[in-house]
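Chain and residue survey
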Amino acid sequence: MLEQDLIERVLNEALKSGGEFAEVFVEDKRSSSALFDDAKVEELTSGRDRGAGIRVVVGETTGFAHTADLSEQGLMIAARAAASATRANGSSSQVNDLEQVVSPSPNKVETFPELVAKETKVNLLIQADEVARSQGAAITQVSARYGDSRRKILVANSDGVFASDDQVRTLFSISCVATGDTGMQTGRESIGRPIGFELFDDVDVEELAERAAHRALTKLNARPAPSGTMPVVIGSGGGGVLFHEACGHGLEADLVNKQASVFAGKVGETVASELVTLIDDGTMSHEWGAFAIDDEGRPAQRNVLIENGVLVDYMWDGLRSRNEGRLSSGNGRRQSYHVLPMVRMTNTYIANGETDPQDIIEDTSTGVYVAQLGGGQVNTATGDFVFGMTEAYLIEDGEITEPIREGNLIGNGPEVLNQIDALGNDFDMGSPGTCGKDGQGVPVGDGTPTLRVTSLTVGGTAG
Amino acid sequence: MKAELLKIAEAVVGKAAAGEQVEVVTVHGKETEIRVYQGEIESFTAAESQGVGIRVVQDGRQGMAYAGSLDSDVLNETLEEARDNASFGTPDEFQAIAEPDGVESVSLDLLDPSLANFANEEKIAMAIDLERSILQADTRIIGVESTDYVDSINTSAIVTSTGIRRANQEGGCYVAASSLASDGVDTQTGFGYSVGRSPANLDIGKASADATERATRLLGAKKTESGRMTVILDPYVTAQFLGIIGSTLSGEALLKGRSLFADRDGDQVAPNFLTLIDDPTDIDAFTATEADGEGLASRKNTLIDQGSLCGFLHNTYTARALGTSSTGSAVRSYNSSPGAGPLALKLTPGESSQSELIEQVGEGILIQGVAGLHSGVNPVSGDFSAGAEGLMIRQGDLAEPVREVTVASTLQRMLLDIQNIGNDLERLPMKSSGVSIVVDDIMVSGV
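Residues numbered from 1 in each chain as written. Chains lettered and ligands numbered in written order. Predicted model: local features only at pLDDT ≥ 70, side-chain atom pairs only at ≥ 80, totals over all residues. Heavy atoms only, no water.

Some details on the sheet that holds strand β9 (residues 301-305) of chain B
Residues and elements named next belong to chain B. Applicable threshold: Whether two strands pair depends on DSSP finding at least two bridges between them. Helix and strand assignments follow DSSP, with helices taken as H or I runs no shorter than four residues and strands as E runs no shorter than two, numbered in order from the N terminus. We call two residues in contact whenever any of their non-hydrogen atoms come within 4.5 Å of each other. The convention used is that axes are lines fitted to C-alpha atoms, helices contributing only their stretch in contact, and that angles between N-to-C directions extend from 0 to 180 degrees.
A sheet is described by the order of its strands in space; here four strands give the open sequence β10-β9-β8-β13, paired in antiparallel fashion. At either end of the open sheet lies a strand with only one pairing partner, and these are β10 (308-309) and β13 (345-347). Across three bridges, strand β8 (residues 276-278) lies against β9 in antiparallel orientation. Along β9, the bridge assignment pairs Asp278 with Asn301. Strand contacts of helix α6 (residues 235-248): β8 and β13, with the helix running at about 115 degrees to β13, the strand carrying the most contacts.

A few points about the domain arrangement of chain A
For an interface, size is often stated in terms of accessible area lost upon the parts coming together. Residue and element names in this part refer to chain A. Rule in force here: Each domain's limits were defined by an automated method or a database of domain assignments. In short, buried area is how much 1.4 Å probe accessible area vanishes from two parts on joining, totalled over both. Every case where a carboxyl oxygen of Asp or Glu lies within 4 Å of a side-chain nitrogen of Lys or Arg is listed as a salt bridge.
The assigned domain composition of chain A is domain 1 (4-29 + 45-100), domain 2 (113-220) and domain 3 (227-459). A separation of 37 Å is found between the C-alpha centroids of domain 1 and domain 2. Counting residues at the interface gives 22 residues for domain 1, matched by 15 residues for domain 2. Between domain 1 and domain 2 the total buried area reaches about 1500 Å² when both faces are included, carbon and sulfur atoms providing 55% of it. When residues of domain 1 are sorted by the area they lose upon contact with domain 2, Phe21, Phe25 and Lys29 head the list and together hold 26% of the total. At the boundary of domain 1 and domain 2, one finds one salt bridge. Across the pair Arg151 and Glu27 runs a salt bridge whose closest N-O atoms are separated by 2.6 Å.

Remarks on helix α2 (residues 72-86) of chain A
Rules: Take the number of residues in a helix, subtract one, and multiply by 1.5 Å to get its expected span. Any residue under 20% of the maximum accessible area for its type is buried, any over 50% is exposed, and the rest in between are partly exposed; the area is computed with a 1.4 Å probe on protein chains only.
Relative to the 21 Å expected for 15 residues at 1.5 Å per residue, α2 of chain A spans 22 Å between its end C-alpha atoms, a close match to the ideal helical length. Within the span of α2 of chain A, buried status applies to Gly74, Leu75, Met76, Ala78, Ala79, Ala82, Ala83, Ala85 and Thr86 of chain A. Check the buried side of α2 of chain A and you find it contacts α1 (4-14), β2 (40-58) and β3 (61-67) of chain A together with β2 (40-58) of chain B. Just downstream of α2 of chain A, Arg87 of chain A is the residue with a positive phi angle, here 60 degrees.

Quick word on the domain arrangement of chain B
Residue and element names in this part refer to chain B. When the domains of chain B are assigned, the result is domain 1 (2-216) and domain 2 (221-447). Computed over C-alpha atoms only, the centres of domain 1 and domain 2 are separated by 23 Å. Each partner contributes to the interface: domain 1 provides 42 residues, whereas domain 2 provides 33 residues. Interface area, domain 1 with domain 2, both sides summed: about 3100 Å², of which 56% is carbon and sulfur. Taken as a group, Phe94, Leu108 and Arg214 account for 19% of the area that domain 1 buries against domain 2, more than any other trio of residues on that side.

Focus on a negative patch on the surface
Residue and element names in this part refer to chain A. To be explicit about the condition: Like charges within 9 Å and nonpolar side chains (Val, Leu, Ile, Met, Phe, Trp, Tyr) within 5 Å are joined into patches, using only residues over 30% in relative accessible area that form no salt bridge. Areas reported here follow the Shrake-Rupley algorithm with a probe of radius 1.4 Å; residue values treat only the protein chains shown as occluding. Under this rule, positive means Lys or Arg and negative means Asp or Glu; His and the chain ends count for nothing. For the purpose of locating charges, the reference atoms are NZ of Lys, CZ of Arg, CG of Asp and CD of Glu.
On the surface, Asp356, Asp359, Glu362, Glu396, Asp397 and Glu399 cluster together to form a negatively charged patch. Positionally, Asp397 belongs in the loop between β16 (384-396) and β17 (399-404). For Asp397, a relative accessible area of 69% corresponds to the exposed category.

Here we look at the pattern of salt bridges
Residue and element names in this part refer to chain A. Tallied over the entire structure, the rule returns 65 salt bridges over all chains. Across the pair Arg9 and Glu72 runs a salt bridge, and its minimum N-O distance is 2.8 Å. With Arg9 in helix α1 and Glu72 in helix α2, this pair connects stretches of sequence that are 63 residues apart. With relative accessibility at 39%, the residue Arg9 sits in the partly exposed group. Here Asp129 ties to Arg133 by a salt bridge, and the two come within 3.1 Å at their closest N and O atoms. Within this pair, Asp129 and its partner Arg133 are both found in helix α3 (residues 118-133), separated by four residues, close to a single helical turn. Owing to a relative accessible area of 6%, Asp129 belongs among the buried residues under this scheme. On the basis of relative accessible area, Arg133 is assigned to the partly exposed category, the value being 27%.

Observations regarding the interface of chain B and chain A
To be explicit about the condition: Polar contact is defined as a pair of N or O atoms within 3.5 Å, subject to the rule that within protein one atom must be able to donate a hydrogen and the other to accept it, and that residues adjacent in sequence are counted only when both atoms are side-chain atoms.
Listed as interface residues are 72 residues of chain B and, on the opposing side, 74 residues of chain A. Summed over both partners, the interface of chain B with chain A comes to about 5600 Å²; 46% of that surface belongs to carbon and sulfur atoms. The interface formed by chain B and chain A contains twelve salt bridges. The salt bridge partner of Lys256 of chain B is Glu42 of chain A, with a shortest N-O separation of 2.6 Å. Where chain B touches chain A, the interface holds 42 residue pairs in polar contact (both at pLDDT 80 or more). Tallying contributions element by element places β2 of chain B first for the side of chain B that touches chain A, with nine residues. Bridge count between β2 of chain A and strand β3 (residues 61-67) of chain B: five bridges; the pairing is parallel. Within the sheet, the bridge partner assigned to Leu44 of chain A lies in β3 of chain B and is Gly63 of chain B.

Comments concerning the packing of α3 of chain A against helix α5 (residues 205-220) of chain A
Residues and elements named next belong to chain A. As a reminder, the rule being used: An angle counts as roughly parallel when it lies under 35 degrees, as roughly antiparallel when it exceeds 145, as roughly perpendicular when it falls between 65 and 115, and as oblique in every other case. Here a crossing is called left-handed whenever its near helix is offset anticlockwise from the far helix by less than a right angle, and right-handed whenever the offset is clockwise. Residues are sorted three ways: Asp, Glu, Lys and Arg are charged, Ala, Val, Leu, Ile, Met, Phe, Trp, Tyr, Cys and Pro are nonpolar, and all the rest, Gly among them, are polar.
Where α3 contacts α5, the two axes come as close as 8 Å, and the packing angle between them is 40 degrees. Judged by the angle between their axes, α3 and α5 are oblique. α3 and α5 meet at a crossing whose hand is right-handed. Touching Leu124, Gln127, Ala128, Val131 and Ala132 of α3 are Val205, Glu206, Ala209, Glu210 and Ala213, all from α5. By residue class, the composition of the contact of α3 with α5 is seven nonpolar, one polar and two charged.

Re the side chain of Asn301 of chain B
All names here are of chain B. Locating Asn301 in the fold gives a position in strand β9. Here Asn301 falls in the buried class, since its relative accessible area comes to 12%. Of note is the side chain of Asn301, whose polar atom sits 3.1 Å from the backbone oxygen of Thr327.

Brief notes about the nonpolar core
Convention followed: For our purposes a nonpolar core is just a set of buried Ala, Val, Leu, Ile, Met, Phe, Trp, Tyr and Cys residues, chained together by side-chain atoms within 4.5 Å.
Counting 45 residues, the largest nonpolar core has Leu242, Phe243, Leu251, Ile306, Val368, Met389 and Leu409 of chain A as the members making the most contacts within it. Apart from the residues within four sequence positions on either side, Leu409 of chain A is in contact with Val232, Val370, Leu373, Phe385, Val386, Phe387, Met389, Leu456, Thr457 and Val458 of chain A. Within the second largest apolar cluster, 44 residues are counted, among which are Phe261, Leu303, Leu345 and Val405 of chain B.

Here's the deal with the packing of aromatic side chains
What counts is decided by this rule: Working definition: a ring pair exists when centres of Phe, Tyr or Trp rings (six-membered ring for Trp) sit within 6.5 Å. Plane angles under 30 degrees give stacked, over 60 give edge-to-face, the rest tilted. Distance and angle both matter: a charge sits over a ring if NZ of Lys or CZ of Arg is within 6 Å of the ring centre and within 35 degrees of the ring normal.
In the structure shown here, the tally under the stated rule is twelve aromatic pairs over all chains. Note on Phe197 of chain A and Phe200 of chain A: the rings are 4.9 Å apart at their centroids and 55 degrees apart in plane angle, and the pair reads as tilted. What makes Phe197 of chain A buried here is its relative accessible area of 14%. Here the aromatic rings of Tyr66 of chain B and Tyr334 of chain B are separated by 6.3 Å at their centres, their planes lie at 80 degrees, and the arrangement is edge-to-face. Of this pair, Tyr66 of chain B sits in strand β3 while Tyr334 of chain B sits in the loop between β11 (330-331) and β12 (339-340); the two residues are 268 residues apart in sequence, bridging distant segments of the chain. We classify Tyr66 of chain B as buried; its relative accessible area is 14%. The class of Tyr334 of chain B is buried, set by a relative accessible area of 18%. Among the aromatic residues, ring-to-ring pairing joins Tyr146, Phe172, Phe197 and Phe200 of chain A into one connected group. Across the ring face of Phe25 of chain A, the terminal group of Arg334 of chain A is positioned such that the distance to the ring centre comes to 4.2 Å. The ring of Tyr193 of chain B has Lys206 of chain B sitting right over it, with the charged end atom 5.8 Å from the ring centre.

Structure below.
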């Protein structure tokens with residue numbers, strides 16, 4: 001993307017007034033999307049974002065500037081702006097010789113999205129719309145979206161890192177509205193992988209459309225969700241977001257360092273039921289949060305965070321790990337060149353258990369079965385989290401019975417981790433997600449086998 | 001900058017072919033973002049960014065393309081992409097770029113010249129002051145996770161082949177802090193902020209007091225019993241709900257059969273003391289603007305008048321498709337095509353202060369914060385359920401703190417169940433102003 005010599009000159013300029021560390025992050029991202037809504041191809045959109053972010057670190061202070069001007073002049077101006085923001089005032093420091101590191105990508109791309117005709121992409125949407133509408137007259141609206149992106153990044157820093165990655169992502173989602181006597185309900189399905197258009201060799205959009213439509217239709221007959229504290233069984237795949245919220249964020253070193261996490265100072269302690277092994281793995285081939293290098297040039301890693309209930313380690317980015325004199329865990333990510341990286345999850349999941357999921361349900365006399373969770377939110381300092389149920393059922397006498405309407409579940413991370421008393425042997429990854437932190441969104445994956453939490457608060461309207 | 005952006009946009013529009021409508025939006029932003037921690041600068045970001053969004057409508061087919069650059073080669077490529085994208089759209093007779101509609105825009109002075117001249121050292125000092133003030137305010141405050149000073153000056157231009165030509169400039173700044181409190185057993189968090197058009201308007205004292213009080217008053221919070229209760233929503237919480245209610249009144253939701261208020265025009269959807277307006281011409285609103293996302297004059301729209309539903313918000317497309325006129329409610333950023341929705345919502349305030357409302361309510365909960373609204377509210381069905389924290393109200397006074405409960409109802413019922421509106425209108429850094437409201441019969445789930 002840019003010549004090594006040029007990058008070296010920019011790094012030297014950034015450290016001229018005495019910074020300790022400098023980094024150049026170059027990004028060139030092309031994206032395209034197509035929206036089919038209200039029985040029409042509403043629009044196709046193409047986007048291009050290209051630029052560089054430069055940071056300089058002096059002591060505890062980071063100076064940052066970004067530019068869309070990738071000429072030498074543009075980069076030098078940004079380098080000086082980043083340096084002056086740190087108010088560094090000393091003699092110039094050393095830039096180590098840049099050494100190109102090639103990290104193998106866990107994602108093999110076969111058909112780059114730009115090589116696929118737009119018409120082929122649009123046809124997927126038309127096909128999905130037809131199938132969804134054919135599921136019943138009660139399906140009154142359908143919206144289907146296709147999106148792809150190709151993001152080339154190059155990261156170089158004064159420690160000598162010089163690394164690049166070519167990240168492709170392809171996403172498809174469909175959302176249906178069903179209308180009945182009790183009003184409208186919605187159902188959604190999505191699939192995404194960090195690969196090209198070959199995604200659709202394995203994924204049948206018609207099947208996704210059917211599932212989304214049935215989710216909406218099922219909810220038309222749903223009862224109001226119960227309210228109060230009860231056992232909750234979370235289905236495989238659809239429930240990984242629980243751990244993303246309940247403990248994932250609390251294990252991010254930037255929050256831990258500021259004592260803004262309930263998990264601060266707990267490494268080596270038992271923080272969860274011994275059934276729980278939690279892993280964050282950026283190397284999971286073809287999973288939504290996988291990449292060759294993170295946005296600081298560090299190869300993706302597989303990190304065990306909690307092993308059999310014991311807290312093993314936090315997740316780290318470059319800044320936080322430098323302060324601790326250790327290596328980054330490959331969790332330094334950023335939404336784009338416009339922002340600084342911070343500690344972010346990749347693919348976060350609970351390792352498989354041993355129990356037949358059917359036994360878990362049969363063993364639950366009353367409670368709620370959640371087939372699919374929506375988004376969630378956590379306060380890492382208190383551990384309190386919420387997340388939405390987008391498909392859920394009552395469990396009565398050990399059987400899944402009636403569907404219930406949407407509602408939130410609320411709980412406390414450390415408490416919930418200790419209240420997991422059954423873990424299924426049916427591990428699966430969930431839908432592609434976008435994790436938001438401090439206003440930045442990055443693609444993440446999550447997964448879990450079926451599991452039971454002995455007590456969660458279900459926030460329904462039924463008394 | 002306005003002239004420069006207009007010139008670039010005009011040049012692209014000049015390339016419109018016969019029978020082709022072209023709309024070009026050009027933007028430029030300049031931002032300073034300072035984060036301090038423990039008396040030191042943690043990060044200092046100085047940034048300038050630019051972008052272009054081009055929309056082409058040809059024979060009722062729409063195509064869109066954008067780029068984060070205003071270089072001439074990029075502009076040409078973006079126009080070509082937008083044209084190519086348009087060729088795949090389904091022809092739709094109502095699809096069109098906006099045309100001037102004769103509505104004069106209200107002139108708003110949204111850029112305080114002192115903002116551009118404010119020294120970085122002073123901005124840094126404000127953030128450090130705020131952090132120190134919170135740390136010193138209460139012995140139970142154990143830290144401030146982040147304290148930010150942020151300002152930006154944004155300029156944008158829109159030019160269309162249909163005769164629209166307009167440029168706007170606005171500036172704003174804020175300080176915000178996230179605080180941590182502990183009583184040795186329990187930890188709680190709070191936040192405080194202050195928003196203005198110039199750093200001189202920022203109220204560090206208020207931001208500090210809010211951050212301190214919000215965190216400390218929740219210490220020792222517990223779940224409460226489940227049951228139907230009367231709740232008072234803090235202005236900040238009300239504003240979040242208004243944003244969702246506003247989105248259900250979008251002409252786009254109506255047109256596409258996704259509005260729970262479809263066919264309810266003229267119905268009593270709220271008590272008669274409730275009036276909800278969307279007024280981006282109100283200069284005190286954080287999101288005040290002279291024009292909407294299609295370059296039409298922004299205007300005051302009444303959505304609910306004394307409890308009665310009186311309208312939806314339209315952009316050019318939704319208005320044409322539904323046989324009405326645009327309400328100047330196109331919402332977009334440069335990299336998206338226009339949607340339709342609220343720009344600056346406000347409930348007409350009532351008579352009572354929040355403490356008077358607490359006294360009148362007698363028994364209930366003051367909801368200070370909600371979580372999970374993005375996942376817990378379905379704006380199509382109206383079902384909502386959100387995590388909540390706050391303080392119990394007992395015998396007309398604030399009592400013990402509550403956390404880890406949910407509040408649930410439907411948006412339709414909640415509007416009808418509003419019992420009172422406070423007089424504490426608060427301008428917030430979002431599309432909606434806030435005010436305390438009293439809502440009856442909300443299902444609270446706890447133990």
